[in-house]
Amino acid sequence: MDSESHKSTATKLVYMANQIATFFHSQPKDEAAAAVADHINHFWEPRMRQQFFDILEQQNNGLDALVVEAAKQIRKPGPVPV
Amino acid sequence: MSLVHEIDYGTPASLSEKMVTLTIDGSEVTVPEGTSLMRAAMEAGIQVPKLCATDMVDAFGSCRLCLIEIEGRNGTPASCTTPAMEGLVVHTQTKRLKDIRKGVMELYISDHPLDCLTCAANGDCELQDMAGAVGLRDVRYGYEGDNHVFAKNEGVSNDRWMPKDESNPYFTYDPAKCIVCSRCVRACEEVQGTFALTIEGRGFSSRVSPGMHEHFLDSECVSCGACVQACPTATLTEKSVIQIGQPEHSKVTTCAYCGVGCSFKAEMRGEEVVRMVPYKDGKANRGHSCVKGRFAYGYSTHKDRILNPMVREKITDPWREVSWEEAYKHVANEFRRIQYQYGRNSVGGITSSRCTNEETFLVQKLIRAGFGNNNVDTCARVCHSPTGYGLKTTFGTSAGTQDFDSVEHTDVVMVIGANPTDGHPVFASRLKKRLRKGAKLIVVDPRRIDLVRSPHISAAQHLQLRPGTNVAVVTSLAHVIVTEGLFDEKFIRERCDWEEFQDWASFVSSPEHSPEAIEELTGVNPQTLREAARLFATGGNGAIYYGLGVTEHSQGSTTVMAIANLAMATGNIGRKGVGVNPLRGQNNVQGSCDMGSFPHELPGYRHVSDESTRDIFDKLWGVKIQDEPGLRIPNMLDAAVDGTFKGIYIQGEDILQSDPDTKHVAAGLEAMECVVVHDLFLNETANYAHVFLPGSTFLEKDGTFTNAERRINRVRKVMSPLNGYADWEVTQNLAKAMGLNWNYTHPSQVMDEIALTTPSFAGVTYDLLEKEGSVQWPCNEKAPLGTPIMHINGFARGKGKFIRTEYVATDERTGPRFPLLLTTGRILSQYNVGAQTRRTDNVMWHEEDRLEIHAHDAENRGIRDGDWVKINSRSGETTLRALITDRVSPGVVYTTFHHPTTQANVITTDFSDWATNCPEYKVTAVQVGASNGPSDWQVQYDEQARQSRRIKVLDAAE
């Protein structure tokens, strides 16, 4: 890729997850982590969530603390039906 | 088949609820107070002769033909300007009246050519009709002497004669046939609101004049066609009527351009469209139109249309024409192969917001039931997906709350990030009409759009904010309303969650949200912002209309929620004249969203994880729908680049041109093994396609479109598809090739399936639409005739939900390398990526996209008006010509993206809305500099596009 905006999918996913967290940071504290998880469960396709969990395992993954907290409530994708 | 006839009542309807009863020609008639005698007579079935009156404009009383006599009153008043009153006894036909009328007609005809047989209006001329109606048999004055009819009088040139003005590509102005009834001038003022026409001169010298005696094309005329429609003679005539002749039958259908969804009569001769005439009973447009819907339908028969299916192995190969059967088989085999090789979720599709509800429903059904996954998305992803998210969260349903008629009851209109006079022109005309009657206007836009100041319209406040600061500004409006105690406590306590309101109120009240605190960030004068907030909160019925300037941002969804908060806090929800009104971009973008085009939602906005909803479809379709959301368009492209997404079926959508970060889109498409494009033309996306399936236009199929006010309107077939099949048939045949047992024989059966499965559509049938003309969803047992206004006695979700809306600056920031902010928009004559309008004479108004730049920024860079300039961002660069203007502030540049050569989306980045991935089209940090011509990318792209569009010519022997 020949310019700065063409990022890898992993970079984009981290960015997107953090964007979601940024919004919920401003919402009432007690619901924030659940809300981030709920959002990702609702809108992220399983392979995106799978990539997310792969990223989560890496050191210095760049994920916002709220995303990391929310991860417990994010659904692990099951196998793709054949 | 015959023409759909509409009654012209002569003057507009009175809205009074008080009724009066009078006698006209011996018949008793009861009408609302304020109705003209002319209209009252027409309601009683009596047609008073008239020329200057028509019910689209107010009475004028100039032609003196509609005179009547009233018992007990002197004289012969004009029936168009005399109001009906209780107990009047009116006579429309007496000896005295007959004599006067005949005398008046005789004078008219003495200065009118008698070429009726060869006149384009022959068969549709009110002057001819009236001459007949009053029994004119002779013109005693002769045709010599002063006149406007003949180029020469007795061999000497006639100074009063004017040649035809043929400058407008769609209609002619023949002054020789003008009777100076002023209907065109009044239509331009009252209906369109442009004030481009006037009457110049006095007495016998009076002439209709565009602007200051200019040609139509050079004047302010926006070519909406209202004047042509109003003209009672052949003075203003569609060129198509001059060429073809009068139509012999017509059908009511719905425009396929913007989300206003205007109703038109397609007036036909055989299968040829003679003209499109706006339909007065159309509830979205009420008889008005714009240059696109009225005139720009020529693309439907354009030579560029591809009529045969085509296939190729590699995208570098030329296209090979194949039979439909071969094309279907090829696609079915390829998709099955890909799924076998890469897994069930490696393919997907995009539904079209330009196709009908029925077609969209079938495409998502093909994907969910045939492909067996939820990888379906639609162009709403890149426009109004934040509206869906934001309004669903706050109100409980993701659609506009009002009908367009509602604007007639509005006192304060706030337009945010929308440019209705260009993007939604017919709604803009209705809005301007209301503004001229005294409603106040607040505009929130980085650019000085036409509405800010246009004839007889002036915005009370224009908050000219920096692109990307919507949330800060709208939250600050709420700050003023809350801290100054202007909120509607009664409404909030009744309709919303009071605790959530208090939490939100304390949030917005904090000093960092005050207009003074955000000024540096937004560039908006705090006093102006305060005044705007006060006006909106206290000015009566307040309505918010917004467009893509709200949604296409990193914080698009947050702004939508901020708007919803504002409406709830001021009690502006749940009645006429108020509400939150997203102005939808495409004709059926509302419908395509309703029909389950999003990867996480089944029809009717029900999440795929909801078992009871899945169950309905599982049982009916005999499949097992996946309970996980599918990929959104940008995710599909990412997955394609990653190698896990390999095949796509794209119906009527040009993602390569319309989606952001063109190079990334191209890379995604290039990585796929089977790209199927189903479209009218070899669009930009087709450069990367392996299969091309020819599409059909809205004139060639039956179906429905749902407009921005949730109105389900019929689309009616007026000609056979040039490509042989309506799009729903193509999708069905493809489904059959993939082994699905579909047997729809008419789109009405698809609608029946939609109604059966989707509660908000439960009551919708083609029979109902035939009877009612149109209905607005929800249409079901609770609302059998649909729902013009939503949330009347409470919100769809129960209590309205206030949400904190913290401003977060976009990461797309200006700096030394990219010091300017680029924002994008639309222009009146062109539509979206221009695939349709560029193939019509509309190009006469907008041949190319231009870069609007402030004189200050231009001067710094040595750029003059019209110079070629290079514009680059972190994503890429392109070139176009500069237009120096003060519409944009220093630091902001603006362009449209109607032309593929401009490649505006090479510039836009991959930043997107946090909630929906809607791309951030409206903010890109750029640098602008002088240029010698097209960029390398443009040259390369052009060459690639040219190569890619080659179609192999078959040998004669084959």
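Residues numbered from 1 in each chain as written. Chains lettered and ligands numbered in written order. Predicted model: local features only at pLDDT ≥ 70, side-chain atom pairs only at ≥ 80, totals over all residues. Heavy atoms only, no water.

This part covers the overall build of chain B. Within chain B, the secondary structure is distributed over 29 helices and 38 strands. Rg of the C-alpha trace for chain B: 29 Å, near the compact-globule value of 30 Å for 958 residues, within the 12% margin. Put simply, chain B has 958 residues, and 65% of those count as buried. Taking the contacts inside chain B whose residues are at least 6 apart along the sequence as the reference set, 72% of them involve residues at least 24 apart. If you sum the accessible surface of chain B, you get close to 33800 Å²; carbon and sulfur atoms cover 49% of it. Mean positive and mean negative side-chain charge positions of chain B (100 and 121 charges, respectively) differ by 2 Å. (Helix = DSSP H or I, 4+ residues; strand = E, 2+ residues; numbered from the N terminus. Rg over C-alpha atoms; globule rule 2.2 N^0.38 Å. Buried < 20%, exposed > 50% of the residue type's maximum accessible area, 1.4 Å probe, protein only. Contact = heavy atoms within 4.5 Å. Areas by Shrake-Rupley, 256 points an atom, 1.4 Å probe, with all protein chains shown as cover. Lys, Arg positive; Asp, Glu negative; His and termini not counted. Charge placed at Lys NZ, Arg CZ, Asp CG, Glu CD.)

Take B:R804: it is sitting in the loop between β32 (774–776) and β33 (820–825). Within the structure, B:R804 has its side chain in polar contact with the side chain of B:D503 (distance 2.7 Å). Those residues within four positions of B:R804 in sequence are excluded, and the remaining contacts are A:F23, A:S26, A:Q27, A:P28, B:D503, B:W504 and B:F507. (Polar contact = N/O pair within 3.5 Å; in protein donor to acceptor, adjacent residues only side chain to side chain.)

Residues and elements named next belong to chain B. Between helix α8 (residues 324–342) and helix α25 (residues 727–737), the shortest axis-to-axis distance is 9 Å and the interhelical angle comes to 55 degrees. It follows that α8 is oblique to α25 by the angle criterion. The two elements α8 and α25 meet at a crossing, and its hand is right-handed. Seen from α8, the contacting residues are W324, Y328, V331 and A332; seen from α25, they are E729, V730, N733, L734 and A737. (Axes fitted to C-alpha atoms, helices over the stretch in contact; angles between N-to-C directions. Parallel < 35°, antiparallel > 145°, perpendicular 65-115°, else oblique. Left-handed = near helix turned anticlockwise from the far one by under 90°.)

Residues and elements named next belong to chain B. Counting buried positions over the five residues of strand β16 (residues 347–351) gives five, a clear majority of the element. A two-sided burial pattern is seen for β16, the buried positions comprising V347, G349 and T351 on one face and G348 and I350 on the other. Relative to strand β27 (residues 647–651), β16 runs parallel, the two sharing four bridges. When the bridges of β27 are listed, G348 appears paired with I648. Since β16 and strand β17 (residues 376–378) lie parallel, the crossover through helix α9 (residues 357–371) that links them has a hand, and here it is right-handed. (Pairing = 2+ DSSP bridges. Right-handed = clockwise from strand over helix to strand, strands pointing away.)

Let us look at helix α16 (residues 515–522) of chain B. Residue and element names in this part refer to chain B. Taken together, the buried positions of α16 are P515, I518 and T522. Down the axis of α16, the buried set is contained in an arc of 70 degrees. They therefore lie on one face. Tucked inside the fold, the buried residues of α16 contact α13 (470–483) and α17 (526–538). After α16 finishes, the residue G523 shows a positive phi value of roughly 75 degrees. (Arc of directions from axis to C-beta.)

Attention shifts here to the pattern of salt bridges. All names here are of chain B. Enumeration according to the criterion identifies 63 salt bridges over all chains in this entry. When the shortest N-O distance is used, the salt bridge between R294 and E238 registers 3.0 Å. Within this pair, whereas R294 is found in helix α7 (residues 291–295), its partner E238 is found in strand β10 (residues 236–238), the two being separated by 56 residues in sequence. The exposure classification of R294 matches that of E238, with both residues buried. A salt bridge links E770 to R716, with the nearest nitrogen and oxygen atoms 3.4 Å apart. With E770 in helix α27 (residues 766–772) and R716 in the loop between β31 (711–715) and α25, this residue pair connects regions lying 54 residues apart in the sequence. (Salt bridge = Lys/Arg side-chain N within 4 Å of Asp/Glu carboxyl O.)

This next bit is on the confidence of the model for chain B. A low pLDDT score tells you not to read the predicted coordinates there in detail. Model confidence for chain B is summarised by a mean pLDDT of 94, while 99% of its residues fall at 70 or above. Two summary scores accompany this predicted model of the complex, namely pTM at 0.94 and ipTM at 0.94. (pLDDT = per-residue confidence, 0-100.)

All names here are of chain B. Judged by how many residues are buried, strand β28 (residues 674–679) sits mostly within the fold: six of six residues are covered. Residues C674, V676 and H678 of β28 are buried on one face, and the alternating residues V675, V677 and D679, pointing to the opposite face, are buried as well. Of the pairings in the sheet, the one linking β27 to β28 comprises five bridges and is parallel in character. The residue of β28 that forms the bridge with Y649 is V676.

All names here are of chain B. Overall, mixed pairing links the four strands, which are arranged β2-β1-β4-β3 in an open sheet. The open sheet has two free edges, formed respectively by β2 (27–32) and β3 (69–70), since each of these has just one partner strand. Note: β3 against strand β4 (residues 89–91), two bridges, orientation antiparallel. What sits directly across from E69, in β4, is H91.

Here we take up unusual backbone geometry. Residue and element names in this part refer to chain B. W777 connects to P778 through a cis peptide bond whose omega is 0 degrees. For P778, the location among the structural elements is in the loop between β32 and β33. A positive phi is found at H791, a non-glycine position, where the angle reads about 60 degrees. On the secondary structure map, H791 appears in the loop between β32 and β33. Overall, H791 belongs to the buried group, its relative accessible area being 7%.

The next thing to look at is the interface of chain A and chain B. Of the residues lining the interface, 35 residues belong to chain A; the matching set on chain B comes to 42 residues. Taken over both partners, the interface formed by chain A and chain B buries close to 3300 Å², and the fraction arising from carbon and sulfur atoms is 50%. It is A:F23, A:F43 and A:R47 that lose the most area in chain A upon contact with chain B, and together they represent 19% of the buried surface on that side. Taken together, the connections running from chain A to chain B amount to four salt bridges. The residue A:K12 makes a salt bridge to B:D638 at a minimum N-O spacing of 2.8 Å. At the boundary of chain A and chain B, one finds 16 residue pairs in polar contact (both at pLDDT 80 or more). Among the elements of the structure, α1 (9–25), α2 (29–43) and α3 (46–57) of chain A are those that each provide at least two residues to the side of chain A that touches chain B. Ranked by residue count, the leading element in the side of chain A that touches chain B is α1(A), at nine residues. Partitioned by chemical class, the residues of the side of chain A that touches chain B number 15 nonpolar, twelve polar and eight charged. (Buried area = accessible area lost by both parts, 1.4 Å probe. Nonpolar A, V, L, I, M, F, W, Y, C, P; charged D, E, K, R; others polar.)

What follows concerns the nonpolar core. Here is a general trend for soluble globular proteins: nonpolar side chains tend to be buried in one another's company. In terms of nonpolar packing, the biggest core is built from 69 residues, with B:F171, B:L236 and B:L441 touching the most fellow members. Looking at which element gives the most residues to this core, the answer is helix α12 (residues 425–436) of chain B, with four residues. Core analysis: the next-biggest nonpolar cluster, separate from the first, contains 62 residues, A:M48, A:L66, B:Y389 and B:I633 among them. (Core = buried A, V, L, I, M, F, W, Y, C linked by side-chain atoms within 4.5 Å.)

The next subject is the side chain of B:S167. Residues and elements named next belong to chain B. You can see S167 is positioned in the loop between β6 (156–157) and β7 (171–173). Only 2.7 Å separates the side chain of S167 from the side chain of D165, close enough to count as a polar contact. At 3.1 Å, the side chain of S167 forms a polar contact with the backbone nitrogen of L217. Setting aside residues up to four positions removed in sequence, S167 forms contacts with H215, F216, L217 and M844.

In this section: the sheet that holds β32(B). All names here are of chain B. The sheet built from three strands is open, its strands ordered β30-β31-β32 with antiparallel pairing. Two strands in the sheet have a free side with no partner beyond their single neighbour: β30 (703–706) and β32. Strand-to-strand twist in this sheet, taken as the mean axis angle between neighbours without regard to direction, amounts to 30 degrees. Strand direction decides the pairing type here: β30 and β31, joined by four bridges, are antiparallel. Opposite T706, over in β31, you have I712 as the bridge partner.

Residues and elements named next belong to chain B. Taken domain by domain, chain B holds domain 1 (19–133), domain 2 (152–301), domain 3 (310–383 + 589–742), domain 4 (385–582) and domain 5 (820–947). Taking only C-alpha atoms into account, the centre of domain 1 sits 24 Å from that of domain 2. In this complex, domain 1 contributes 25 residues to the contact, which on the side of domain 2 involves 23 residues. Summed over both sides, the interface of domain 1 with domain 2 buries roughly 1900 Å², with 57% coming from carbon and sulfur. It is M56, V57 and A120 that lose the most area in domain 1 upon contact with domain 2, and together they represent 28% of the buried surface on that side. (Domains from an automatic or database assignment.)

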